[in-house]
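Single-letter residue listing:
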Amino acid sequence: MPSMGHSTEDDLHTKEMDIRSLPSSHHHSQNMHRIHKVGVPPKQNFFKEFKDTVKETFFSDEPLRPFKDQTKSRKFLLGIETFFPIVEWVRSYNLSKLRGDIIAGLTIASLCIPQDIGYAKLANLDPQYGLYSSFVPPLIYAFMGSSRDIAIGPVAVVSLLLGTLLQNEIDSETNPIEYRRLAFTATFFAGITEATLGFLRLGFLVDFLSHAAIVGFMGGAAITIALQQLKGFLGIKDFTKKTDIVSVMRSVFSSVNHGWNWQTILIGVTFLCFLLFAKFLGKRNKKLFWVPAIAPLISVILATFFVFITHAEKKGVAIVRHIDKGINPSSVNDIYFHGEYLGKGFRIGVVAGMIALTEAIAIGRTFAAMKDYQIDGNKEMVALGAMNVVGSMTSCYVATGSFSRSAVNFMAGCQTAVSNIVMSIVVLLTLLFITPLFKYTPNAILAAIIINAVINLIDIQATILIWKIDKFDFVACMGAFFGVIFVSVEIGLLIAVGISFAKILLQVTRPRTAILGKLPGTSVYRNILQYPEATKIPGILIVRVDSAIYFSNSNYIKERILRWLTDEEEKIKADGPQTIQFLIVEMSPVTDIDTSGINALEELYNTLQKRDLQLILANPGPTVIDKLHASKFANLIGQDKIFLTVADAVLSCNPKFAEEP
């Protein structure tokens, strides 16, 4: 071992030293090697360090930077733009953008009207509440949202989730008024949840639901939604209220002989085939994007006209019958602000709000990436929260970004959120003048429209890719999928969240470690499993820890290193008399260490001392080296046992392994 002179901590990051005491047989100039000491960062004031940590955690995007060195009037305007982005982009708005937004708005309106009626039925609400939710919330979002492409309104998954959770508390058929009030209460708290996450800049919590879990949950929800539509698609009157596939299929087949209506099935199958064909045309020719967008409205018009002229409702074809005419009535007094349903509304609202938020943020980021602009996740949460809070007071239920409508909005050439305003105006006109025309709309066509819409939620290609990349992610995906279709939507959601957290815990508590070897002709040391040509150094075991060392994994890391050591010693004994004298721990990936981690290193050091082995550390980062010095562990093992690189550490142990020419 070389002896290293001690210097003060302030000098450690600038000093260099030579190896002065190599064995006499290696005192040749070609083996001389300059070694840099590991730098110790200067001591920081505790409050400054705490401030920097909070800033990086919650304000990494530096939201106040635009306000720097601005006049008071300019700061006021920037403050308005922060909450109302429309103030910023409306100044550059022109007729060309308006033309694109009008076309896009009319296109998504033709898609949303029939969808909204169907989605309201998923939530066990009257059809007009779906239309209400595509009138007020999009207007609010247009003023407060930062995405140019997202289309706002009810969506299938949230409608099903809300309907299931509400139905568990209040029966929508026996107590429709209380059920509706609880729906508004849940919507209110969904908005409060979303806005609070945005204001407190806690948007990163949404990311705890992994992509794999979302894929599985959405796929399971899509199948569950499609199965629920069999009631209207087949004309079954006595249908189960459960959502699991076993109960639904039992209900379907038990009514084959007396519950199915062939006229209803004919309508449903015919128009479902038409919708699928329209979707096929749209995918095959991008210029025909408007065909699948307008197909649902055409289907509703044709099916309604067919039922009207044939009076099919008299032959058992179920129809909508009545949709209230007029704009949204106030529902402020319907929200439960006290009583037994307050807590239930809060719980349902938090769950629905988080799912709605996850879907909207994912959609917004997807289309923002396509058009190469940025959306502010926290602003999006505030906007989504505000629109749902206002919506809950105007007879709306939870609204969010719709992927199908957003895709159509994007393809139709939308330029700004004005397309949402155009859609809202069309929905308003529908509520004022057209709703009576939906009286004869058959439920079968609404079922066909929903089935056609949710098919896109089943992402088989993403599932295959998940299987290829990460088997644990695949387990999370399938767990969420089967939980939804075989148990319930809320159980599937719990499984998705549970497996996502389990993966995080597994990665934290069982981090990867690797044995390193030297690549021939270099001084580079890499994982011997990844690079089979890398060679181990006789008498030295080099282990890399690929994680921060915390209380949750410190004991495992210590024990894993000792197991590596035992395994290597057994291999060496089998091959010859050579023994391991040095253990080098490569700490480049170790971003942080806590007191438990320090204790684990001390225990490892003591164990190695008893076995007459030297512990050497290579390349600890600034946070780690600072804590090693603060805990006196650096002094315990010796300053001369901490090196900048693995090559330096190996050279100090065995100089003949200096960098090869």
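What comes next is a walk through the structure. (Residues numbered from 1 in each chain as written. Predicted model: local features only at pLDDT ≥ 70, side-chain atom pairs only at ≥ 80, totals over all residues. Heavy atoms only, no water.)

Judged by how many residues are buried, strand E7 (residues 540–545) sits mostly within the fold: six of six residues are covered. Burial of E7 is two-sided: the residues Ile-540, Ile-542 and Arg-544 facing one way and the residues Leu-541, Val-543 and Val-545 facing the other way are all buried. Examined bridge by bridge, strand E5 (residues 513–518) and E7 share three bridges and lie antiparallel to one another. Looking at the pairing, Ile-515 lines up with Val-543 of E7. (Buried < 20%, exposed > 50% of the residue type's maximum accessible area, 1.4 Å probe, protein only. Helix = DSSP H or I, 4+ residues; strand = E, 2+ residues; numbered from the N terminus. Pairing = 2+ DSSP bridges.)

In most cases, non-glycine residues show a negative phi, while peptide bonds are predominantly trans. Of note in the backbone geometry, Arg-321 takes a positive phi value of approximately 75° without being a glycine. Note on placement: Arg-321 falls in the loop between helix H13 (290–310) and helix H14 (340–371). Even without being glycine, Asp-372 reaches a positive phi, approximately 60°. Relative to the helices and strands, Asp-372 resides in the loop between H14 and helix H15 (377–392).

Counting across every chain of the model gives zero disulfides. Here Cys-396 stays free of any disulfide, with the sulfur of Cys-112 as its closest cysteine sulfur at 12 Å. The class for Cys-396 is buried, based on a relative accessible area of 1%. (Disulfide = S-S within 2.5 Å.)

The next point concerns the packing of aromatic side chains. All told, the structure shown has 14 aromatic pairs when counted by the stated rule. Relative to Phe-189, the ring of Phe-188 has its centre 5.2 Å away and its plane inclined at 80°; by these criteria the two rings are edge-to-face. The pair Phe-188 / Phe-189 is uniform in exposure class, with both members buried. Pairwise contacts between aromatic rings join Phe-188, Phe-189, Phe-337 and Phe-346 into one cluster. Over the face of the ring belonging to Trp-467 we find Lys-471, whose NZ or CZ atom lies 4.6 Å from the ring centre. Of note, Arg-560 hangs over the ring of Trp-564, and the distance from its end group to the ring centre comes to 4.0 Å. (Phe/Tyr/Trp six-rings, centres within 6.5 Å; stacked < 30°, edge-to-face > 60°. Lys NZ or Arg CZ within 6 Å of the ring centre and 35° of its normal.)

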